[in-house]
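Results of the structural survey
Spelled out from the first residue to the last, the chains are:
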Amino acid sequence: MRRLAVGVWLVVTIPASAAPGVSHPNFAHDIAPIVYRACAPCHRPGETGPFPLLTYADAAKHAAQIAAVTRSRYMPPWLPEAGTVKFEGERRLTGEEIRIISEWAAAGAPEGPPGEIPAPPHFPAGWQLGMPDMVLEAPQAFQVPAAGPDVYWNFVLPNHRTTSVYVRAVEIRPGGGAGLVHHANLLVDRLAASHEREVAPGEGFPGMDLEIMRSPFDPPGNFLFWKPGSVPHQEPDGFAWRLDPGDELVLNIHLRLSGKPEYVRPAVGLYFTDKPQTRFPLLIQMENDQALDIPAGASDFVVKDDFRMPLDADALAIYPHAHYLGKLLEAYATLPDGSRRWLIRIPDWNPDWQAVYYYREPVFLPKGAVISMRYHYDNSAANVRNPHQPPQRVQGGDQATDEMAHLWLELLPRGPQDRRRELQEAVIRHTLEKNPKDFAANLNLGAVMLSRLNASGAVSALETAVTADPGRAEAHNMLGVALQQVGRNSGAATEFEIALKLRPEYLAARFNLANSQIKAGKLQEAIANLRQVIAAKPDDPLARQRLQAALAAQKQRAGGQP
Ligand code: HEC
């Protein structure tokens, strides 16, 4: 009893740092476990942190700075607010951990017993998930300029596999100096048309936010996002996605300039599984870029979008996206009973730390729940990240100096069957309510209507699509198919011809054109087109069969044997 009383007296009257026998937090027992877990993944050689945090000497040298950046919650970078919803791999420190770090720094950063310092974490050199089953490397290195604004570049990675595989994880190796690649997104281009956008074969093409056409019947369902310091996400059994022969992978990367000219040549490692896909999540996008017209100086400009769930689903992951004026980013669901369920709340958005967040537990969103996106933008001079000083009017766009209001969710519809189509259609209709002339939404709606055998509905949606963007071969081809179904054969042929003018190697359009030429009795032209299709795709049974029929018809017309 007496000793305890003395202890209390000591703490109260003598400055803590001078008190003999009073234990301060030390590196060995208290600090190493925090730093190894929350800092070392980035603060180590070859990673983005500006100095390593792997030894006592590293930490002691930066003790005051470490205390300051953890107290302000600048480090570790973690945007979502605590207490709303729990995410996987949360790097946020607890209030207690922050207090311990401050106390340790204030006490002169004591080491503690050197023999009791835990071993620093081991990070595998090279691929974090082990040797990939397939590695695709950018065909050519990209030369990164020494200075100037950030660079956004897209590499097209051809896939030469001849069979389909299921991919459970993707890892990206930036292939350049540490910190040069800020983050990357991988997109699967099933139309294999991305190489046509390249500035020269193998060199890729510029652009910050990349749009890839995907059939509405085969929409993307998985985030393929990477950033330094993260362990790649691995899809659970049943969630792997299919990579088909001929698919092109497009790696969209954000590059930070280092002050000297450098090269990057990224590689993508793919990890396969023999467990086929049995669960079908869908990535849905909410957005409202057209509402982005932010006056210079406006400090709280709000952009909204609200989407009503057409079915029961679980939210598995979320990816909010804005540029440098974004400030407070909120997404929540209002349930049919009026209660609110948070999906994410980011009080101080910083696009530099953007990430895909996976929920620790799926968030159930019942049919009728309304998902709300509420993004607040600060276009005042007080926003330190404002790319314009003095501030200027800013609108939606894909340059870093434009703004964006996007929210992606990975949703898994409940129920035994694949219900993506129902969800997809509700998203398309929601987009059309906001923007009746939206190209992608009209194209997708056209495809959905074709699948429901509503060809005249498809024609009008697809006509809107080609008016909105006349330069898209897929849209002309699909409009041609719809016109053919309503019996407007010559209109259809015109659309296929436009598609081929835009993309001469578009085989589906050439095949369709040949069909409409057969119908119009233009056998000579049809045969020439079918021969071209077969030359590019020698084992296309449909094209061969059609060619045989056309040749037979030609012979018959010439009066020969049938
Ligand atoms: C996701 C990667 C990542 C993690 C995790 C991370 N850092 Fe950092 N840290 C960085 C990067 C990148 C920078 C340099 C850019 C910057 O300062 O914004 C940085 C900068 C710093 C700085 C210098 C800040 C300044 O103002 O110059 C300190 C100090 C720091 N980190 C400490 C920590 C501590 C302590 C932790 C763990 C509690 C931690 N970091 C976790 C990536 C990370």
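Residues numbered from 1 in each chain as written. Predicted model: local features only at pLDDT ≥ 70, side-chain atom pairs only at ≥ 80, totals over all residues. Heavy atoms only, no water.

**Here we look at the environment of Asp289**
Defined as follows: Strands are runs of DSSP state E lasting at least two residues, helices are runs of H or I lasting at least four, and both sets are numbered from the N terminus onward. For this analysis, residues touch if any pair of their heavy atoms sits within 4.5 Å.
Structurally, Asp289 can be placed in the loop between strand E12 (282–287) and strand E13 (293–294). Apart from the residues lying within four places of it in its own chain, the contact partners of Asp289 are Gly396, Met404, Ala405 and His406.

**Observations concerning empty space enclosed by the protein**
Inclusion rule: Both cavities and pockets are sets of points on a 1 Å grid over the protein atoms alone; in a cavity a 1.4 Å probe fits but cannot get out, in a pocket the set is open with protein on both sides within 12 Å along at least five of seven lines, and lining residues sit with an atom within 4 Å of a point. Grid points are joined across faces, edges and corners, and a volume is the space filled by probe spheres set on the points. Three categories are distinguished: nonpolar for Ala, Val, Leu, Ile, Met, Phe, Trp, Tyr, Cys and Pro, charged for Asp, Glu, Lys and Arg, and polar for the others, with Gly belonging to the last.
The tally for this structure, following the rule as stated, stands at 1 cavity of 30 Å³ or more. In this structure, the largest cavity spans a volume of roughly 60 Å³. If you go around the largest cavity, the residues you meet are Thr70, Arg73, Met75, Pro76, Trp78, Arg92, Leu93 and Ile98. Across the lining of the largest cavity, the residue classes break down as 5 nonpolar, 1 polar and 2 charged.

**Focus on the environment of Leu255**
Its location among the elements puts Leu255 in strand E9 (residues 248–255). Between the alpha carbons of Leu255 and Gly179 there is a distance of 8.4 Å; along the sequence they are 76 residues apart. Aside from chain neighbours lying at most four places away, what touches Leu255 is Phe142, Val144, Asp150, Val151, Trp153, Leu180, Val181 and Val264.

**Brief notes about the domain arrangement of the protein chain**
The condition is simple: These domain limits were set by an automatic method or by a database of domain assignments.
In terms of domain boundaries, the protein chain breaks down into domain 1 (17–116), domain 2 (134–273), domain 3 (282–420) and domain 4 (439–557). Measuring from the centre of the C-alpha atoms in domain 1 to the corresponding centre in domain 4 gives 63 Å.

**Considerations on the coordination of the iron atom of the ligand**
Convention followed: For Na, K and Ca the donor cutoff is 3.2 Å, while for all other metals N, O and S atoms count as donors only within 2.8 Å; water does not appear among the atoms, so some sites may look incomplete. Any site counts as irregular unless it has four donors with all angles between 85 and 135 degrees, making it tetrahedral, or four or six donors with opposite ones more than 155 degrees apart and the rest between 65 and 115, making it square planar or octahedral.
Coordination of the iron atom of the ligand by the protein is provided by His43 (NE2) and Met75 (SD), with metal-donor distances spanning 2.1 to 2.2 Å. One way to put it: the 6 donor atoms around the iron atom of the ligand meet at angles of 84 to 179°, and that makes the site octahedral. Here His43 is found in the loop between helix H2 (27–38) and helix H3 (56–61), whereas its partner Met75 is found in the loop between helix H4 (63–71) and helix H5 (95–106), with 32 residues between them in sequence.

**Side note on the packing of helix H12 (residues 523–536) against helix H13 (residues 541–557)**
Spelled out, the test is: To obtain each axis, a line is fitted to C-alpha atoms, and for helices this fit is confined to the stretch in contact; angles are then taken between N-to-C directions over 0 to 180 degrees. Angle categories: roughly parallel below 35 degrees, roughly antiparallel above 145, roughly perpendicular from 65 to 115, and oblique for all the rest. The handedness criterion is simple: a crossing whose near helix is rotated anticlockwise from the far helix by less than a right angle is left-handed, and one whose near helix is rotated clockwise is right-handed.
Following both chains from N to C, one finds H12 and H13 inclined at 155°, their axes separated by 9 Å at the closest point. By the angle between their directions, the pair H12 and H13 is classed as roughly antiparallel. Here H12 runs over H13; the crossing is left-handed. From H12, Leu523, Gln524, Ile527, Leu530, Arg531, Val533 and Ile534 reach across to H13, where they touch Ala543, Arg544, Arg546, Leu547, Ala550, Leu551, Ala553, Gln554 and Arg557.

**Re the pattern of salt bridges**
Our working definition: Put simply, a salt bridge is a Lys or Arg side-chain nitrogen that is within 4 Å of an Asp or Glu carboxyl oxygen. The classification of residues rests on relative accessible area computed with a 1.4 Å probe and restricted to protein chains. Under 20% of the type maximum is buried, over 50% is exposed, and intermediate values are partly exposed.
Tallied over the entire structure, the rule returns 26 salt bridges. Ionic pairing is found between Asp293 and Arg393, a salt bridge with its closest N-O pair at 2.8 Å. Placement of the pair is Asp293 in strand E13 and Arg393 in the loop between strand E19 (370–377) and strand E20 (394–395), with a sequence separation of 100 residues. Note on Arg393: relative accessible area 53%, which makes it exposed. Through salt bridges that share partners, Glu81, Glu330 and Arg345 make up one connected network.

**Quick word on the nonpolar core**
Where we set the bar: Nonpolar cores are built from buried Ala, Val, Leu, Ile, Met, Phe, Trp, Tyr and Cys residues. Side-chain atoms within 4.5 Å join them into one set.
Counting residues in hydrophobic clusters, the biggest one holds 51 residues, and the most contacted among them are Ile318, Leu343 and Tyr377. For this core, the domains that each give at least three residues are domain 1 (17–116) and domain 3 (282–420).

**Observations regarding helix H11 (residues 507–519)**
Note: α-helices contain 3.6 residues per turn, so residues at a spacing of three or four share the same orientation. Stated formally: What a helix should span is 1.5 Å times the count of its residues minus one.
The end-to-end C-alpha distance of H11 is 19 Å, a good match for the 18 Å that 13 residues give at a rise of 1.5 Å each. Restricting attention to buried positions, one finds in H11 the residues Ala509, Arg510, Phe511, Asn512, Leu513, Ala514, Asn515, Ser516 and Gln517. Just downstream of H11, Gly521 is the residue with a positive phi angle, here 80°.

**Considering the sheet that holds strand E16 (residues 326–334)**
The criterion, for reference: For two strands to pair, DSSP has to find at least two bridges joining them.
In spatial order, the strands read E14-E19-E16-E17; together these 4 strands make up an open sheet with antiparallel pairing. Unpaired on one side and paired on the other, strand E14 (301–308) and strand E17 (340–346) mark the two borders of the sheet. The mean angle between the axes of side-by-side strands here comes to 15°, regardless of whether they run parallel or antiparallel. In terms of strand pairing, E14 meets E19 through 8 bridges, oriented antiparallel. Counterpart to Arg308 in the pairing with E19 is Val370.

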